[in-house]
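Observations on the model geometry
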Amino acid sequence: MGHPLTNRERNQWLWTYDNQVKSSFDKIVEVLKRISALQHEPDFEQKAQALALDSFGFSLPEEVLAKAWVTQLDMRSLFAWCVFETYKRTSEDFFTSNPLGGEEDTAFDSFVQDCGFHLLDVTPCADGRLAHAISYALRLPFSSVRRRPYAGAMFDVERTVTRWIKTEHRRHREGVPNQAHEDTRYLKVVIYHFSSLDPHHQGCAAHGSNDALAASSGLNRLHDFRQAVENSFCCGASVTLLLLGLDTDTDAIRIHVPTADGATNGNRWLDAREVYSQTVTMAPDAAREAIGERVRQEAGGAIEEGMVRFISRLLENNISQIDFVRQFHKGAYGDAGHAERFIGVGIGFKEIHLRNLTYFAHMETVEEGAADLDVGIKIFKGLNISRGLPVPVVIRHDFHSSVPGSRERAVRSCERIAAAVHGRYQDLSRQGLLHTLLTVRDGDHHKPPEVLGSSLLRTPMEEAH
Ligand SMILES: [Zn+2]
């Protein structure tokens, strides 16, 4: 039963969390159907509120219920309201109850530094089927990883160079996360994805479900980043690149193990499923040793032991996830394709770590990210609009309270993005088939996002003004 290195207790915990959050989103339609059936009964409003409170733990907007006798009950608004309320509760719970662990994991941070890295910067594809990549598929503490999803994992090179400069500067000035003279590097990881069961349809949409193209594009982007650092600062040695692939059916990863001279081959990888079956009958210690040996072999020569340890850890962690999918999803996910519950636009979303919960459209200004958002809207035309349900869009802009004026800029940015979203999809917006929730969060503190308002109704906060 399972692999000797699998963390069963953690698997059970992760399953419970995933199940609890998703079922809170998934029961919305069922409960609203029951509420809709009540709309011509006497005491409709009271009955509807009682049912909502009992099923969701929150009440519905009175204005919408009160209008039901005049026209039809506005199910589109109610649906969006429920999705946004559920999102708010999920976010609050994440920051107050720490379902995936707390703010910091110093043991892991020192492990990463021992491996020779001072920052873990990971770009998965924005596809919702990779939203759990950090906390589930790779089992890394979310607080120790800088995550920046992009469609097709095509991260922005300039912004990453800026992040690299900030990171190195901080090491020089503050000795954080470690002293600048310590021989560690900035590790940039790209996670592309593919489907082992339906490779031509359920792969990465941004790369036309072409695995080889997804891998080579990711690798090219990594090379561009290193080149940019080397050309501008002649210290390329401080950047290490790592290319990973994720099978969205089984969550098994493939690691393109760099060779001794630091080169990565887009056509060669070490498959975690292969490592799993090779070591499944061994005792834990022997299995660990065999994994390390397998990584060294794959590198085809002497790669740094730190890299071997880091990759071995990823493989060991992924073995738990392979068993997770075997145990709770019969070896492959039932939702092979898209099943996201909402779109997340902007920057932030530190609290989202569940597969197929959110489609991310990274957007810092109105101009950029529109293409990613178009992909998201297209996905939700299939998921929601085809059923007469609106597309729920959560807009988010994180800020740093330590920087003067940062919150105000984040608020304005949220408002601009919301206006741009409603402008870009005017037809949907006018029909009530697109709704936005505006949120900001102080990234300097471990606390939930603050809700500014939504396209649905005036919030009590707005009314107070
Ligand atoms: Zn993708």
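Residues numbered from 1 in each chain as written. Predicted model: local features only at pLDDT ≥ 70, side-chain atom pairs only at ≥ 80, totals over all residues. Heavy atoms only, no water.

Omega for the peptide link from Val 176 to Pro 177 comes to 0 degrees, which places this bond in the cis form. Within the secondary structure, Pro 177 is located in the loop between α8 (157-174) and β3 (185-194). With a phi close to 50 degrees, Lys 330 is a non-glycine residue in the positive phi region. Along the chain, the position of Lys 330 falls in the loop between α12 (305-329) and β7 (342-347). (Helix = DSSP H or I, 4+ residues; strand = E, 2+ residues; numbered from the N terminus.)

Right, let's talk about the sheet that holds strand β1 (residues 117-124) for a bit. Reading across the sheet, the six strands line up as β2-β1-β3-β4-β5-β6 and stay open at both edges, with mixed pairing between neighbours. Every other strand in the sheet has two partners, leaving β2 (146-147) and β6 (270-271) as the edge strands with one partner each. Set on the sheet, α8 makes contact with β1, β2, β3 and β4 (239-247); between it and β1 the angle comes to about 160 degrees. (Pairing = 2+ DSSP bridges. Contact = heavy atoms within 4.5 Å. Axes fitted to C-alpha atoms, helices over the stretch in contact; angles between N-to-C directions.)

This part covers the coordination of the zinc ion. For the zinc ion, the full set of protein donor atoms is Cys 125 (SG), His 193 (NE2) and Cys 204 (SG), and the range of their distances to it is 2.0 to 2.2 Å. Going along the chain, you hit the donors of the zinc ion in the pattern C-x67-H-x10-C. Highlighted residues: Cys 125 in the loop between β1 and α7 (133-137) and His 193 in strand β3, separated in sequence by 68 residues. The exposure class assigned to His 193 is buried, which follows from its relative accessible area of 1%. (Donors = N, O, S within 2.8 Å, 3.2 Å for Na, K, Ca; no water. Buried < 20%, exposed > 50% of the residue type's maximum accessible area, 1.4 Å probe, protein only.)

What follows deals with the packing of helix α2 (residues 28-37) against helix α5 (residues 75-97). Remark: α2 packs on α5, axes separated minimally by 11 Å, with the N-to-C direction vectors making an angle of 140 degrees. Classified by the interaxial angle, the pair formed by α2 and α5 is oblique. As for how α2 packs across α5, the hand of that crossing is right-handed. Seen from α2, the contacting residues are Ile 28, Val 29, Leu 32 and Ser 36; seen from α5, they are Met 75, Leu 78, Phe 79, Cys 82, Val 83 and Thr 86. Grouping the amino acids of the contact of α2 with α5 by side-chain chemistry returns eight nonpolar, two polar and no charged. (Parallel < 35°, antiparallel > 145°, perpendicular 65-115°, else oblique. Left-handed = near helix turned anticlockwise from the far one by under 90°. Nonpolar A, V, L, I, M, F, W, Y, C, P; charged D, E, K, R; others polar.)

Moving on, we get to the packing of aromatic side chains. One pass over the structure, following the stated rule, counts 15 aromatic pairs. Ring centres of Tyr 136 and Phe 324 lie 5.7 Å apart, and the angle between their planes is 70 degrees; on these two criteria the pair is classed as edge-to-face. Of the two residues, Tyr 136 is situated in helix α7 and Phe 324 in helix α12; the sequence distance between them amounts to 188 residues. Classification of Tyr 136 as buried rests on a relative accessible area of 1%. Joined through ring pairs, the aromatic side chains of Trp 15, Tyr 136, Phe 324 and Phe 328 make up one cluster. Across from the ring centre of Phe 349, 5.1 Å away, lies the NZ or CZ of Arg 396, which sits over that ring. (Phe/Tyr/Trp six-rings, centres within 6.5 Å; stacked < 30°, edge-to-face > 60°. Lys NZ or Arg CZ within 6 Å of the ring centre and 35° of its normal.)

Let us look at the sheet that holds strand β8 (residues 358-362). Pairing is mixed across the open sheet formed by five strands, whose spatial order is β8-β7-β9-β10-β11. Among the strands making up the open sheet, the edge pair consists of β8 and β11 (450-454). Taking each pair of neighbouring strands and ignoring which way they run, the sheet shows an average axis angle of 25 degrees. Where strand β10 (residues 434-442) lies against β11, four bridges are found, and the strand directions are antiparallel.

This part takes up the domain arrangement of the protein chain. Domain boundaries in the protein chain define domain 1 (8-80), domain 2 (106-329) and domain 3 (338-464). Taken over C-alpha atoms, the centre of domain 2 sits 28 Å from the centre of domain 3. Contact with domain 2, which involves 17 residues of that partner, is made by 18 residues of domain 3. Together domain 2 and domain 3 conceal approximately 1,700 Å² of surface at their shared face, both sides included; 54% is due to carbon and sulfur atoms. Three residues stand out in domain 2 for area buried against domain 3, namely Phe 142, Arg 147 and Arg 159, and they jointly supply 27% of the buried area on that side. Viewed at the interface, domain 3 and domain 2 are joined by zero salt bridges. Taken together, the connections running from domain 2 to domain 3 amount to nine residue pairs in polar contact (both at pLDDT 80 or more). Of the residues that constitute the side of domain 2 that touches domain 3, the class distribution is seven nonpolar, four polar and six charged. (Domains from an automatic or database assignment. Buried area = accessible area lost by both parts, 1.4 Å probe. Salt bridge = Lys/Arg side-chain N within 4 Å of Asp/Glu carboxyl O. Polar contact = N/O pair within 3.5 Å; in protein donor to acceptor, adjacent residues only side chain to side chain.)

Moving on: α8. Taking 1.5 Å as the rise per residue, α8 with 18 residues should run 26 Å; its terminal C-alpha atoms sit 25 Å apart, in good agreement. Among all positions in α8, only Val 157, Thr 160, Val 161, Trp 164, Thr 167, Glu 168 and Arg 171 are buried. Taken end-on, α8 shows its buried residues confined to a sector of 120 degrees, consistent with a single buried face. Looking at α8, the residues exposed on the side facing more than 90 degrees away from the buried face are Glu 158, Lys 166 and Arg 173. At the N-terminal boundary of α8, the capping side chain belongs to Asp 156, with an oxygen 3.1 Å from the backbone nitrogen of Glu 158. (Expected span 1.5 Å × (residues − 1). Arc of directions from axis to C-beta.)

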